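# Chains, contacts and geometry: an overview
Residue strings, one per chain:
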Amino acid sequence: MPQNRRIRMPSVGDVVQSTKGRDRYRVFLVVAIDESDKVSPVVIADGRLHKLDEKKHKNPRHLRIISERDKIDKTAVSEAFEDVQVYEICEKRDIFRKK
């Protein structure tokens, strides 16, 4: 019988890892929360595959929070960040990356 576990909703500025889908194990930065989308409200980007112009919507059940808001201002994520900065944040926390 499936357990009804409470899903922890990531917030803007959190670094998360995908646990399902073709982007499994990839690290992303949460750039927004779309309250109008009930199924996939978390908007993520990694600065490389999913740039800030082409953000990805993801279900919070398919994400694992790696680090919570590492001194990242919520307004800076959506307004002032560029793809390079998002990529650097994600790469720094990618524990599965081959070195």
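So, here's what we can say about the structure. (Residues numbered from 1 in each chain as written. Predicted model: local features only at pLDDT ≥ 70, side-chain atom pairs only at ≥ 80, totals over all residues. Heavy atoms only, no water.)

Let us look at the overall build of the protein. For the protein, the count of helices and strands is two helices and five strands. Evaluated residue by residue, the protein yields a buried proportion of 40% over its 99 residues. Across the protein, every contact between residues at least 6 apart in sequence was considered, and the portion connecting residues at least 24 apart equals 52%. (Helix = DSSP H or I, 4+ residues; strand = E, 2+ residues; numbered from the N terminus. Buried < 20%, exposed > 50% of the residue type's maximum accessible area, 1.4 Å probe, protein only. Contact = heavy atoms within 4.5 Å.)

Pairs can form between side chains of opposite charge whenever their charged atoms are close. Under the criterion given, the structure shown has two salt bridges. Between D23 and K58 there is a salt bridge whose closest N-O contact spans 3.0 Å. Of the two residues, D23 sits in the loop between β1 (15-18) and β2 (27-33) while K58 sits in strand β4 (residues 56-58), which places them 35 residues apart along the sequence. When its relative accessible area of 3% is taken as the criterion, D23 is described as buried. Salt-bridge contacts for R26 lead to D46; the nearest nitrogen and oxygen are separated by 2.8 Å. Pair noted here: R26 is in the loop between β1 and β2 and D46 is in the loop between β3 (42-45) and β4, with a separation of 20 residues, a long-range link. Assessed through its relative accessible area of 29%, R26 is described here as partly exposed. You can call D46 buried: its relative accessible area is 3%. (Salt bridge = Lys/Arg side-chain N within 4 Å of Asp/Glu carboxyl O.)

Attention shifts here to the side chain of S67. Along the chain, S67 turns up in strand β5 (residues 63-67). Given the relative accessible area of 13%, S67 is considered buried.

A word on unusual backbone geometry. Phi at Y25 is positive, roughly 75°, even though this residue is not glycine. Relative to the helices and strands, Y25 is located in the loop between β1 and β2. Judged by its relative accessible area of 42%, Y25 is partly exposed.

Here the focus is the environment of V43. With respect to the helices and strands, the residue V43 is situated in strand β3. Judged by its relative accessible area of 7%, V43 falls in the buried class. C-alpha separation for the pair V43 and K55, spaced twelve residues apart in sequence, amounts to 6.3 Å. In contact with V43, other than residues within four places in its own chain, are L29, V30, V31, A32, D34, K55, K56 and H57.

The next point concerns the environment of V12. Of note, V12 is situated in the segment before β1. Sequence separation between V12 and V31 is 19 residues, and the spatial gap between their C-alpha atoms is 5.4 Å.

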